[in-house]
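Structural characterization, general
The lines below spell out each chain.
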Amino acid sequence: MATVTLSHVTKRFGGVTAVSDLNLEIRDGECFSMLGPSGCGKTTTLRMLAGFEDLDEGEIRVGDRVFSNSAKRYYLPPEKRDFGMVFQAFAVWPHLDIFDNVAFPLQIKGLSRAEIQTRTRRALEDTGLLKVQHAYPGELSGGEKQRIALARAIAINPQVMLLDEPLSNLDPKLREEMRFEIKDLQRRLGFTIVFVTHDQAEAMAISDRMLVMRDGVLQQVGSPIEIYERPSSRFVFSFIGLSNFLPVATREGATFVQGVPEAGAVAVIRPEGLSGAAWTLACRPTHIDLSAEGGLRGIVARRVYLGDLVEYRVRVGPHELRIQKGARHEAFEEGAPVGLTFRQYLGYPEG
Amino acid sequence: MGQRRFGTAELLLLLSILILVVVVAIPILLIFWNAFVVEGKPDFLRALALLKEPDTFEALKNSLVIAGGTTVLSTIIGVFFAWLVSRTDLPYKATMKVLFLVPFMLPSFIGALAWKILLSPRGGHINRLLMDLFHLEDPVFNIMSLGGIIAVETMYLFPFVFIQVSGALERMDPTLEEAARISGAGLFTITRRITLPLMMPSILAGALLVALYSLAHFGVPAILGTERNIFIIPTKIYEKIYASGGNFDAIRTGTMLSSILVLAAAAILYIQSLVLSSGRFQVISGKSMRPMVLKLRGLKWPLLILSVLYIAITVVLPTVTIFLVGTLKTYGLAFKLENMTFDNFTYILFKWELTRDAIWNSFYLSLAAAAVTMLIGTLISYVLVKTKIRGKFLLEFLGVLPFSVPGTVIALGVILMWSGRFGINLYNTAWIIFVAYIARYMAFALKSTSAALEQVHDSLEEAARACGATKWQAMKDVVLPLIKPGMVAAFFLIFLPALRELTTSVLLYGPHTRTIGVAIYTLNEDGETVYAAALAAIALVIIMLGQVLIKRVTRAKIEST
């Protein structure tokens, strides 16, 4: 069993708390990604998992085995954890050929020649590198280098694979391709993936579950759908996908946009659990309907053609909303008055 | 614009080629010509016969032993200390890192002088102390030996390796080591199989620099070896030329030895370019992260003490010795306050014409050589880096020459060229030293200005042109201000070493054109140990002031950008 459990994990660098009281269970065989803006503590968490950083508080267990425990000052060194890891800058050794790069962890384990040969070949085959096995990394492209790193990580058949922004140095097309390959390898080999990224689309595409972090504090854990559909905070809402925020106030059952009293009431209901009159309406650009008559009145400030989509910037008093419609939708000219209807929306406390 | 066949670029190219031909290429050609052409016919048999002569053969052998020994020893010490300050939790590492660079600033021939005072077999202070203490019949150390020369050269040359390796260790992508660690390897295995192999090009580059320098170096073997009949190629050349009093056979022997030096240097540089261009070792990362650090635990303090002791012995002890001996009323007196005086310093600085002249000569020669060489270097680098014209390959070839010409060879080359053969006789004037310095330090100027120019992307100049600036205005308002730090660096890179130069000027000085280095060397040869030490002490003070100045200037530059 390779369930990874983090309990009360805290890490400080000088006066800055990089990770604060993190509790987490990563299930056996799932693909779990950690998402957040740079400096949010996701990479530090991964490095604590790998054993490169000690903990200031808390414990990390894999299965029922303790890997790190700050109270006991016990840290299993990285080389004893039997993890696979892929680094952002590939970290492929330039002085070794592809075969030796991939065979390295097996050689360290002291396996027999024959076994090293078979297992390295298998890893190379799995990553499509068999043909170039005697080339040196310097002769290969970024995508191929990342494949070497991947092959090296799977060579020892790890139960847990740590990926530190492995795709961010690749061009967009290659990135998508590698995403599928990683997923594919996981299905075949059955390891648990812990994946760090700052790219929300990447996280959504690859993960079974994901977490969003900010300033060292966990914001939300859940499936990609849960996180996209029900972000637990305004921050998570804005971090995942495109977003509009509109300050509104509800009085006596009617909701008004703040700062635009002349616009009249908006046809939205204040979600339960929000106290106080003022709250923030959060809405995706694709979840707003446009009409010539009725709705919340605004003016089309700009229209941008994006291929399958047309994006409108609609001004409502001092606010501007981003709205995306299918290209075949009824078109509104710049400067034309339009009405907005919120089909799906969420509410967050004011601010 | 457009179809002019001979524009400014062509003119600059021609000028650059002309300068390099006159300053470097012809002197070297003259050396080969004199060595291998007799009465208009090539004659290699003579060269072979010369190599078989016992004294030249001995010098060749000694050169090989000393360069080899110094290189191996410097590499071991340099790699060890580099690893210590960049990959362990040694206390005060940052300070230690700076201290390990100090030997670089000290002229090695002054170090040799100090060590001769301390460890010469008969009169050496430490030897006498040990003999008195333990009632020994024979001296314990003999610095005036092959081993002694290797030890002293290593003390002042190991920073070449140290700088290369510690720089590479710092720039190395730490995830390369982390990837090995997560693969199951321990620190020892990582060091052996990942870190050391990846550092190999830097280690080799540093080692080759040491070899190149040691092979061409005059000061240390001259001070510690000549008296004991230990010669290497540069000191043999010096001896031949001085013993002969201008005898042509002696000069021919000198040119043959010089040819060997040039070929050896060229071979070393060729190997170096092979190592660096293999490109299999791109390990530099953009992302800066803290590298893995080995916890020294119990060895922490012993290793710090070892490092401090190393600096104390190799830097502090010789420096203190020089200053103390410089104050003695007569050499041989004990170091007691009543035997000491400051009169030596005032005498040297203000009264004695020989030393006063030497200080003045060194000062203006270095200043002039640094300024002129820096400007010429900028011009040549500009043509090399920024222009695309036919015939540039010729300049590229000539531009490599200054790197491979040892100081002794340059001296001999300018003697051959400027002693009236072409109608100009500069022999025994300061001009001949000036010309030699330009050739000797051209490599420094080219390196630092071309690096600066490569940093200035073509688009910056193009943007200025697009804004309506003429080529000259773009150069003056955009390119020059951007490469100014590189030019300032080039100036100091030349000025400071030239101030303490010995190898070249010792072959070129006349009665009134001694440099500081030459004055110290000749005073020592004449047995004026106290005055030699006092002048050396003054030189050390000037060098330290120069270092402080360079720090100031370069720091101000960094802050202003």
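Data block above holds the structure.
Summarised in this report is the structure supplied together with it. Since this is a predicted model, take the numbers as computed values, not measurements.

Moving on, we come to the overall build of chain B. For chain B, the count of helices and strands is 24 helices and 2 strands. Principal axes of the C-alpha set define a box for chain B whose edges measure 85 × 70 × 50 Å. By residue count, 53% of the 561 residues in chain B fall in the buried class. Look at the contacts in chain B between residues 6 or more apart in sequence, and 78% of them connect residues 24 or more apart. Surface exposure of chain B reaches about 26100 Å², of which carbon and sulfur atoms provide 68%. Between the averaged position of the 47 positive side-chain charges in chain B and that of its 33 negative side-chain charges there is a distance of 8 Å.

Let's shift gears to the overall build of chain A. Regarding its fold elements, chain A presents 8 helices and 21 strands. Its C-alpha atoms put chain A at 80 × 50 × 35 Å along the principal axes. For chain A, with 351 residues in total, the buried portion stands at 52%. Within chain A, counting contacts between residues at least 6 apart in sequence, those at least 24 apart form 65% of the total.

Moving on, we come to the pattern of salt bridges. The final tally for this structure, using the stated rule, is 33 salt bridges over all chains. Between Lys-42 of chain A and Glu-165 of chain A there is a salt bridge, with its nearest N and O atoms 3.7 Å apart. Of the two residues, Lys-42 of chain A sits in helix α1 (residues 42-50) while Glu-165 of chain A sits in the loop between β8 (160-164) and α5 (172-189), which places them 123 residues apart along the sequence. Classification of Glu-165 of chain A by relative accessible area gives buried; the value is 8%. Between Arg-47 of chain A and Glu-178 of chain B there is a salt bridge, with the nearest N and O atoms lying 2.7 Å from each other. Of this pair, Arg-47 of chain A sits in helix α1 while Glu-178 of chain B is found in helix α9 (residues 174-182), placing the two residues in two different chains. Via salt bridges that share partners, Glu-311, Arg-313, Arg-315, Glu-320 and Arg-322 of chain A belong to a single interconnected network.

Turning to the pairing of strand β3 (residues 31-35) of chain A, a few remarks are in order. It is a general feature of regular strands that their side chains alternate between the two faces of the sheet. Residue and element names in this part refer to chain A. In terms of burial, β3 is a largely internal element, 5 of the 5 residues being buried. The alternating pattern of β3 places Cys-31, Ser-33 and Leu-35 and Phe-32 and Met-34 on opposite faces, both of which are buried. As judged from the 5 bridges shared by β3 and strand β9 (residues 192-197), these two strands associate in the parallel manner. The residue bridging Met-34 from the neighbouring strand is Val-196, located in β9. Two elements, β3 and strand β10 (residues 209-214), share 4 bridges in a ladder whose sense is parallel. Bridge pairing in β10 places Ser-33 opposite Met-210.

Structurally, His-457 of chain B is set in the loop between α19 (430-455) and α20 (458-466). Counting along the chain gives 22 residues from His-457 of chain B to Val-479 of chain B, while the straight-line C-alpha distance between them is 9.4 Å.

This brings us to the interface of chain A and chain B. Tallying the contact residues gives 24 residues for chain A and 24 residues for chain B. A buried area of about 2300 Å², summed over both sides, lies between chain A and chain B, and 61% of it is on carbon and sulfur atoms. For Arg-181 of chain B, the salt bridge is made with Glu-79 of chain A, and the minimal N-O distance between the two is 2.7 Å. Counting the contacts that link chain A with chain B gives 5 residue pairs in polar contact (both at pLDDT 80 or more). Counting only elements with at least two residues in the side of chain A that touches chain B, the list comes to α1 and α2 (98-108) of chain A. No other element matches α2 of chain A, which puts 4 residues into the side of chain A that touches chain B. Here the side of chain A that touches chain B is built from residues that sort into 17 nonpolar, 3 polar and 4 charged.

Residue classification places Glu-178 of chain B among the buried positions, given a relative accessible area of 1%. Discounting chain neighbours no more than four positions away, the residues touching Glu-178 of chain B are Arg-47, Phe-52 and Phe-87 of chain A.

Below, the discussion takes up the nonpolar core. Core analysis: the largest hydrophobic core is formed by 197 residues, its most contacted members being Leu-162 of chain A together with Phe-100, Leu-224, Val-506 and Ile-520 of chain B. Examining the composition of this core, we find that 15 residues originate from one element, α19 of chain B, more than from any other. Dropping the residues within four chain positions of it, Ile-520 of chain B is found in contact with Phe-109, Ile-110, Leu-113, Ala-532, Leu-535, Ala-536 and Ala-539 of chain B. In this structure, Ile-156, Ile-182, Leu-185 and Phe-195 of chain A belong to the second largest nonpolar core, which totals 34 residues.

Moving on: a nonpolar patch on the surface. Residues and elements named next belong to chain B. A cluster of nonpolar side chains, Leu-129, Leu-133, Phe-134, Leu-136, Val-140 and Phe-141, forms an exposed patch at the surface whose accessible area comes to about 600 Å². Looking at the secondary structure, you find Val-140 in the loop between α7 (125-134) and α8 (146-171). Owing to a relative accessible area of 43%, Val-140 belongs among the partly exposed residues under this scheme.

The subject of this paragraph is the sheet that holds β8 of chain A. All names here are of chain A. One open sheet holds the 6 strands; their spatial order is β7-β8-β9-β3-β10-β11, and the pairing between them is mixed. Strands with a single pairing partner mark the edges of an open sheet, and in this sheet they are β7 (84-86) and β11 (217-222). Between one strand and the next, the sheet's axes are offset by a mean angle of 15°, whatever the strand orientation.

Residues and elements named next belong to chain A. Pairing geometry for strand β18 (residues 309-316) and strand β19 (residues 319-326), over 8 bridges, is antiparallel. Opposite Val-310, over in β19, you have Lys-325 as the bridge partner. Hairpin remark: β18 followed by β19, antiparallel, with 2 residues in the connecting loop; positive phi at Gly-317, about 60°.

What follows concerns the packing of helix α16 (residues 353-386) of chain B against helix α23 (residues 516-525) of chain B. All names here are of chain B. At a closest axis distance of 7 Å, the pairing of α16 and α23 adopts a crossing angle of 150°. Residue-level inspection shows Leu-354, Thr-355, Ala-358, Ile-359 and Ser-362 of α16 in contact with α23, the latter providing Ile-516, Ala-519 and Leu-523. Across the contact of α16 with α23, the residue classes tally to 6 nonpolar, 2 polar and no charged.

Residues and elements named next belong to chain A. Between the first and last C-alpha of α5 there are 26 Å, a value that for 18 residues agrees with the 26 Å anticipated at 1.5 Å per step. Listed as buried for α5 are Met-178, Arg-179, Ile-182, Lys-183, Leu-185 and Gln-186. The buried residues of α5 occupy an angular sector of 160° when projected down its axis, which confines them to one face. Turned more than 90 degrees away from the buried face of α5 sit Lys-173, Phe-180 and Arg-187, all of them exposed. Where α5 is buried, its residues contact β3, α3 (113-126), α4 (142-154), β8, β9 and α6 (200-206). Two residues or fewer after α5 comes Gly-190, characterised by a positive phi angle close to 75°.

In this structure the tally under the stated criterion is 36 aromatic pairs over all chains. Seen from their ring centres, Tyr-242 of chain B and Tyr-509 of chain B are 6.3 Å apart, and the 15° between their planes marks the pair as stacked. Here Tyr-242 of chain B, found in helix α12 (residues 233-244), pairs with Tyr-509 of chain B, found in the loop between α22 (505-508) and α23; they are 267 residues apart in sequence, far enough to count as distant. Aromatic side chains Tyr-347 of chain B and Trp-352 of chain B sit 5.6 Å apart centroid to centroid with 20° between the ring planes, which places their arrangement in the stacked category. Residue classification places Tyr-347 of chain B among the partly exposed residues on the basis of a relative accessible area of 30%. Residue placement shows Arg-284 of chain A over the ring face of Tyr-228 of chain A; its charged tip is 4.4 Å from the ring centre.

Turning to the sheet that holds strand β6 (residues 74-75) of chain A, a few remarks are in order. All names here are of chain A. One open sheet holds the 5 strands; their spatial order is β2-β1-β4-β5-β6, and the pairing between them is antiparallel. Strand pairing shows two members of the sheet lacking a second neighbour, β2 (16-26) and β6, which therefore form its edges. Both strand β4 (residues 57-62) and strand β5 (residues 65-69) contribute to a ladder of 4 bridges, which runs antiparallel. Counterpart to Glu-59 in the pairing with β5 is Asn-69.

About the thresholds
- Residues numbered from 1 in each chain as written.
- Chains lettered and ligands numbered in written order.
- Predicted model: local features only at pLDDT ≥ 70, side-chain atom pairs only at ≥ 80, totals over all residues.
- Heavy atoms only, no water.
- Helix = DSSP H or I, 4+ residues; strand = E, 2+ residues; numbered from the N terminus.
- Buried < 20%, exposed > 50% of the residue type's maximum accessible area, 1.4 Å probe, protein only.
- Contact = heavy atoms within 4.5 Å.
- Areas by Shrake-Rupley, 256 points an atom, 1.4 Å probe, with all protein chains shown as cover.
- Lys, Arg positive; Asp, Glu negative; His and termini not counted.
- Charge placed at Lys NZ, Arg CZ, Asp CG, Glu CD.
- Salt bridge = Lys/Arg side-chain N within 4 Å of Asp/Glu carboxyl O.
- Pairing = 2+ DSSP bridges.
- Buried area = accessible area lost by both parts, 1.4 Å probe.
- Polar contact = N/O pair within 3.5 Å; in protein donor to acceptor, adjacent residues only side chain to side chain.
- Nonpolar A, V, L, I, M, F, W, Y, C, P; charged D, E, K, R; others polar.
- Core = buried A, V, L, I, M, F, W, Y, C linked by side-chain atoms within 4.5 Å.
- Patch = residues over 30% accessible without salt bridge, like charges linked within 9 Å, V, L, I, M, F, W, Y side chains within 5 Å.
- Axes fitted to C-alpha atoms, helices over the stretch in contact; angles between N-to-C directions.
- Expected span 1.5 Å × (residues − 1).
- Arc of directions from axis to C-beta.
- Phe/Tyr/Trp six-rings, centres within 6.5 Å; stacked < 30°, edge-to-face > 60°.
- Lys NZ or Arg CZ within 6 Å of the ring centre and 35° of its normal.

Function cannot be inferred from these measures alone, as they are strictly geometric.
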